[in-house]
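Residues per chain, in single letters:
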Amino acid sequence: MAIHAVRTRLAATAVAAGAATLGLAVPAQATEQPLPYVALGDSYSAASGVLPLDPSASLLCARSTANYPHVIAERTGAALKDVTCGGAQTKDFAGSQYPGVAPQLDALSAGTRLVTLTIGGNDNNTFISTILACATAGVLSGGQGSPCKSQYGDKFSSDIDSKTYPAVKAALQAVRNKAPNARVAVLGYPWIMPATAQAGCYVKMPIASGDVPYVRDIQTHLNSAVRRAADETGSTYVDLAAASEGHDACQPIGTRWVEPALFGTNFVPVHPNARGEAAMADLTIGALGLR
């Protein structure tokens, strides 16, 4: 062995020994790599309507850099690949949602270690159909009675059971197949409407008083379907029900997590605001033990 090499090795040994004597940590040969993290999902994942927009995303996706995936990555140091897109349905995991927007599953690999998503609310147009149908019925009734429930009954809930639930389950299984080494967390949707008719806000959310609990029940049904699909695919379900109580779209600015249909602050109504996205991030970090 060359004299220079011997001297180098002895010097390194002396440094390590001295550090140990002083109680100092010896630097590792290589720093730990950031957690490979992929964010999938719809507008509740993309924070559609919240500024600033993500310049790397298609404008059609209306993805925000203030969405809960970005907040999670910032707080945990994870290496984020964000492919969330407003309006996404389960079918857009395997197919292109818009020209130039790749199927969301393409972002996953065996190297992915964390996946988060919200999905299911756009399948069968559940959210859009419910809000539009019930708001229209509410306007026509002057806000009285439960015209939406009288007209549609269990239609929305039946569609969730027969169509949305199996589609979400299949999508989650596809995620697990593409990223077998990842922890997968699927979030429930934060409350849009309060629990009682008395707590409604007809001016901001023109839902007839008797339909306020009806709309709430539809969302409860959707979240239950997502939870069931998560449980059956070995995914973590992030329950927002208790935490988002009292933060619905009828609450004042600074309290609500979801903006109302009218007189809100988002450019896309009936979606989480930045406060809501931050809360979703915090609850996900807690559920996954990433603190």
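These numbers were taken from a predicted model, which means no experiment stands behind them. (Residues numbered from 1 in each chain as written. Predicted model: local features only at pLDDT ≥ 70, side-chain atom pairs only at ≥ 80, totals over all residues. Heavy atoms only, no water.)

Bringing the packing of aromatic side chains into the picture now. Going through the model one piece at a time under the given rule, you end up with four aromatic pairs. Relative to F156, the ring of Y152 has its centre 5.3 Å away and its plane inclined at 40°; by these criteria the two rings are tilted. By relative accessible area, Y152 is classed as partly exposed at 26%. Taken together, the aromatic side chains of Y44, F127 and Y189 make up a single cluster linked through ring pairs. Over the ring of W191 we find R216, and its NZ or CZ is 3.6 Å from the ring centre. Over the ring of Y165 we find R228; its NZ or CZ atom is 3.9 Å from the centre of that ring. (Phe/Tyr/Trp six-rings, centres within 6.5 Å; stacked < 30°, edge-to-face > 60°. Buried < 20%, exposed > 50% of the residue type's maximum accessible area, 1.4 Å probe, protein only. Lys NZ or Arg CZ within 6 Å of the ring centre and 35° of its normal.)

As summarised here, the arrangement of the five strands in space is β2-β1-β3-β4-β5, forming an open sheet in which the pairing is parallel. Both edges of this open sheet fall to β2 (79-82) and β5 (236-238), since each of them pairs with a single strand only. Averaged over all neighbouring strand pairs, the angle between strand axes comes to 20°, with direction disregarded. Inspection of the sheet shows strand β1 (residues 36-39) paired to β2 by four bridges, in the parallel sense. From the neighbouring strand, P36 faces β2, where its bridge partner is A79. Across the sheet, helix α6 (residues 155-178) lies against β3 (114-117) and β4 (183-187), angled at about 155° from β4, the strand it touches most. (Pairing = 2+ DSSP bridges. Helix = DSSP H or I, 4+ residues; strand = E, 2+ residues; numbered from the N terminus. Axes fitted to C-alpha atoms, helices over the stretch in contact; angles between N-to-C directions. Contact = heavy atoms within 4.5 Å.)

Here we come to the side chain of D42. Structurally, D42 can be placed in the loop between β1 and α2 (43-46). Salt bridges are absent for the buried D42, whose nearest opposite-charge side chain, R63, sits at 11 Å. Among the polar contacts made by the side chain of D42, one reaches the side chain of T118 at a distance of 2.9 Å. Here D42 is in contact with T84, C85, G86, A88, T118, I119, G120, G121, N122 and Y189, once residues within four sequence places are set aside. (Lys, Arg positive; Asp, Glu negative; His and termini not counted. Salt bridge = Lys/Arg side-chain N within 4 Å of Asp/Glu carboxyl O. Polar contact = N/O pair within 3.5 Å; in protein donor to acceptor, adjacent residues only side chain to side chain.)

Scanning the model with the defined rule gives three disulfides in all. Shown here is the disulfide that connects C61 with C85, its sulfur atoms set 2.0 Å apart. Judged by the torsion about the S-S bond (-85°), the C61/C85 disulfide is left-handed. Here C61, found in the loop between α2 and α3 (68-76), pairs with C85, found in the loop between β2 and β3; they are 24 residues apart in sequence, far enough to count as distant. C85 shares its class with C61; the two are buried. Here C134 connects covalently by a disulfide to C148, the sulfurs 2.1 Å from one another. Between C134 and C148, the S-S torsion sits near -70°, and that sign places the bridge as left-handed. Of this pair, C134 sits in helix α4 (residues 126-140) while C148 sits in helix α5 (residues 147-152), and the two are 14 residues apart along the sequence. A residue is classified by how much of its surface remains accessible, and C134, at 0% relative accessible area, is buried. For the chain, the disulfide bridges join cysteines in the arrangement 1-2, 3-4, 5-6, where the cysteines are counted in sequence order. (Disulfide = S-S within 2.5 Å.)

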